[in-house]
Amino acid sequence: MLGACLLAAGWQAQAHAAVPKTAAAIPARVLLRHGGADLRLGGGTLSLRLIGGDVLHVHFVPATGATAPTLVMAPRPFHAATTAPVVAIRRGRDLLLREGRLGVEVDEASGALAILSRGTHEPLLRIPAVASLARGTVALRFAKGAPLYGIDGSNAFAKKPPGLLRSGAQVAEAGDQGNAGAPLVWSTAGFAVLLDCKGGATFHLAQGSLRISRLSRPDPDFYVIAGDPDTIFAAVAQLSGHAPLFPEWSLGFINSQWGIDEKELLSDVRTYRAKHIPLDAFSLDFDWKAWGQNDYGEFRWNTRKFPDGPSGKLGRELDALGVHLIGIMKPRIHIDTVEGRYATAHHLWIPGEKASLDYFSHKPVKNLDFDNPATRAWFFNPTLQHSFETGIAGWWNDEADEVGGNTQFLNMERALYDGQRRMTDIRVFSLNRNFWLGAQRYAYGLWSGDIHTGFASMARQRSRMLSAIDVGEMWWSMDGGGFHGHPSDQNYARWIEFGAFTPIFRVHGTHGQKRQPWRYGPVAERAAAHAIRLRYELLPYLYSYAWHEHAAGVGLVRPLTFGWPRDPKVRNDSSAWLFGRWLLVSPVMERDQTEKRIYLPAGIWTDWASGKVYLGGRSITLPVDSRTWSDIPLFIRQGAIIPMQPVMDYVGQHPVTTVRVNVFPAAEQTHFSYYDDDGETYAYEHGTYFLQGLSTRADGNEVSLATATPSGTYRPALAHYLFAVHRMVAVQVSRNGAALARVPDLAALRRCAGGCWTIGGDRFGGVTYVKLPAGVPSDVEMRQK
């Protein structure tokens, strides 16, 4: 008989839990297992497992056995190494199994299960009747008023996207046209529930309650995560799989176009270079491939439009200019072709689908079934391999959301990811038109679908981006400028400024639309070029957060709830977001706007453009330049550590030997993990990377600055950090206990070979500049009068 069972996560369980001599015998209905316990219920067993200190795995396994994990879950989800035994103590009818801060209490009298967190008096979540799990129902209770996020988003044609908060009945599905979905609901109240299912589950959300129906399996299997948003998404990454790093060039500006040939492509690229407007990639629509032609036309170059494609000459020429090509891929192929007959013979089509006329070739086509392993194994065929070898460096997967199901798009990109990884060590990049959790394992970016141009459509993309991040898709993009229609010059300029502060920065339009900055007049061109160049200055900051997303599950763009989970004013705010931990951006979204109201959360904030300081926890009114459109409302959070580099025409154009690190010290110590690697291969998976911690703290008239011992075997070109410590005019600076040499000015500081310092000023006020060697530990103390 079981009275109460408390499992608290922290003390890790061994395969056989130790029972103190003072404890009574463990009841027969409870079997202690590795990291948890099994409870016998009618018709099966309720398995409870503690994972990594923050996660409880709850799985009702019927007598008929467990269902295999779905694609939501990583093939090998983490189960933290366990060393300490579970401490089991009987107190009357209660059995306590201790393992740290996360706990479970099962009350036999009521049949309720409570999930607890150390330091809280009330349960995070309660299952009113565990027996309901045996009937295929998941029902949970929690504190009323807990804000809920996740589950689903909206597609490109939604006139009123639902915002960030979730309520009512929400169906977890990949959807179409830029939707992102996951069987994940979470709260800034400190919990999340991740359900392992194929999709289609309905989450019924009400004040203080959650019920999940249509589970798509007879054995409810879910994970409860306790913690703040960073902890929640770190656990989601561990359970569902970490995203691999994209190639570094994908953080640059991407120009996409439908209706282009080789001559125009080269002309556009050379114009970018002549104007020194940075560009790293060009996406090609139908134009690049021999669509509708026999003998694998869907996978090979269109020699009429791109005569130098198949030989690799075009690829080499673009490579010399620092530009990578991304090619569109479709989920269908033509029936009356060599490849179509192969698909018929090997049963690669979507079952039961009838042929239809393709809208572009006007020939009969059918869709491939990417849920079929044989289709995936064939898709990255020798013809496509040749296209990759001759210049197609990334994949733009389109329209697999039109055949239904949650995993067609996921598995389409999975086919390309697995195929490319079998062939080469060069990193995979892809864009896709929907998202289902688990897809992130396959180098999977999302774009928001075939959106319309105009300010209203642009504004709607903010909540769609943040909603995608709320379900675990950290790599989001949109058709900058809008797909349908032609943006005004002002709209184009503001859209570029918005795009510069999204995870993947690109422009695109429908057939014949051109999205190069110089096509929208000199005022828009200047504003757009300014935004693009600012992003390129921030590349060291961006790439370090790309690493953080890979390692810890939280990426470059974060809803404000990630930084201020208890602030009710940010619960449904999509007008601003964090760009990394240290920048807050709120792009202009209205035509001819002259001022903008912005809420700044708690803290001290500095206007990037003017240097003006604001106290957070309140709204401010910021003037907006309605004539030049060149201003981007951007704020620096106190405590910031922001590495920057000189603007280049493309990523890696020149070796970066010195990184300028802007520092805004706060009273509490703050940190930044500076990351670098070769930017191209998967060598980082084997330890070939450079990772060095940077930290700072202000204490009265003193500021400390530190660089930690780096990890990884990669040695970048980086020789020095040039720290700009703002609002600090030092009179004395020491490194590792010894006085550091002072030089007269910034020019002399740049020339000095080792460590040195000087003072100066900028729009933020007085500055102390400190030059330190990179790759070695340093402890710097500076003092001002």
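Here, every reference points to the structure presented above.
Conventions and cut-offs
Residues numbered from 1 in each chain as written. Predicted model: local features only at pLDDT ≥ 70, side-chain atom pairs only at ≥ 80, totals over all residues. Heavy atoms only, no water. Axes fitted to C-alpha atoms, helices over the stretch in contact; angles between N-to-C directions. Helix = DSSP H or I, 4+ residues; strand = E, 2+ residues; numbered from the N terminus. Parallel < 35°, antiparallel > 145°, perpendicular 65-115°, else oblique. Contact = heavy atoms within 4.5 Å. Nonpolar A, V, L, I, M, F, W, Y, C, P; charged D, E, K, R; others polar. Polar contact = N/O pair within 3.5 Å; in protein donor to acceptor, adjacent residues only side chain to side chain. 1 Å grid on protein atoms, 1.4 Å probe; cavity = no way out; pocket = protein on both sides within 12 Å on 5 of 7 lines; lining within 4 Å. Points joined across faces, edges and corners; volume = space filled by probe spheres on them. Disulfide = S-S within 2.5 Å. Buried < 20%, exposed > 50% of the residue type's maximum accessible area, 1.4 Å probe, protein only.

Q: Tell me about the packing of helix α2 (residues 262-275) against helix α3 (residues 313-320), and please be specific about residues and values.
A: Two elements in contact, α2 and α3, have axes whose closest approach is 11 Å; the angle formed by their N-to-C orientations is 10°. The orientation of α2 relative to α3 falls into the category roughly parallel. Contacts from Glu262, Leu265, Leu266, Val269 and Arg270 in α2 reach Leu314, Glu317 and Leu318 in α3. Residue composition of the contact of α2 with α3, grouped by class: 5 nonpolar, no polar and 3 charged.

Q: Break down the environment of Asp261 for me, with residues and values.
A: With respect to the helices and strands, Asp261 occurs in the loop between β20 (253-257) and α2. It is 25 Å that separates the C-alpha atoms of Asp261 and Leu251, two residues lying 10 residues apart in sequence. If sequence neighbours within four positions are ignored, Asp261 has contacts with Lys305 and Phe306. At a separation of 2.9 Å, a polar atom in the side chain of Asp261 contacts the main-chain amide nitrogen of Glu264.

Q: Mind laying out the layout of surface pockets, listing which residues take part and the relevant values?
A: Where empty space is left can be seen by rolling a probe of water-molecule size over the atoms. Volume-wise, the largest pocket comes out at about 1,000 Å³. If you go around the largest pocket, you meet 41 residues; those closest to its centre are Trp249, His324, Val651, Asp678 and Glu680. Elements with a contribution of two residues or more to the lining of the largest pocket: α3, β22 (324-329), α6 (382-389), β26 (392-397), α11 (539-552) and β42 (670-676). When residues of the lining of the largest pocket are assigned to their parent elements, the largest contribution, 4 residues, is made by α3. Its residues assigned to classes, the lining of the largest pocket shows 23 nonpolar, 10 polar and 8 charged. Volume-wise, the second largest pocket comes out at about 400 Å³. Pro75, Arg76, Gly241, His242 and Arg441 are the residues nearest the centre of the second largest pocket, which is lined by 16 residues in total.

Q: Kindly report on the state of the cysteines, identifying the contributing residues and their values.
A: Using the criterion set out here, one finds 1 disulfide in the structure. Disulfide pairing places Cys752 opposite Cys756 at an S-S distance of 2.0 Å. The chirality of the disulfide connecting Cys752 with Cys756 is left-handed, given an S-S dihedral of about -75°. A single burial state applies to Cys752 and to Cys756, both of which are buried.

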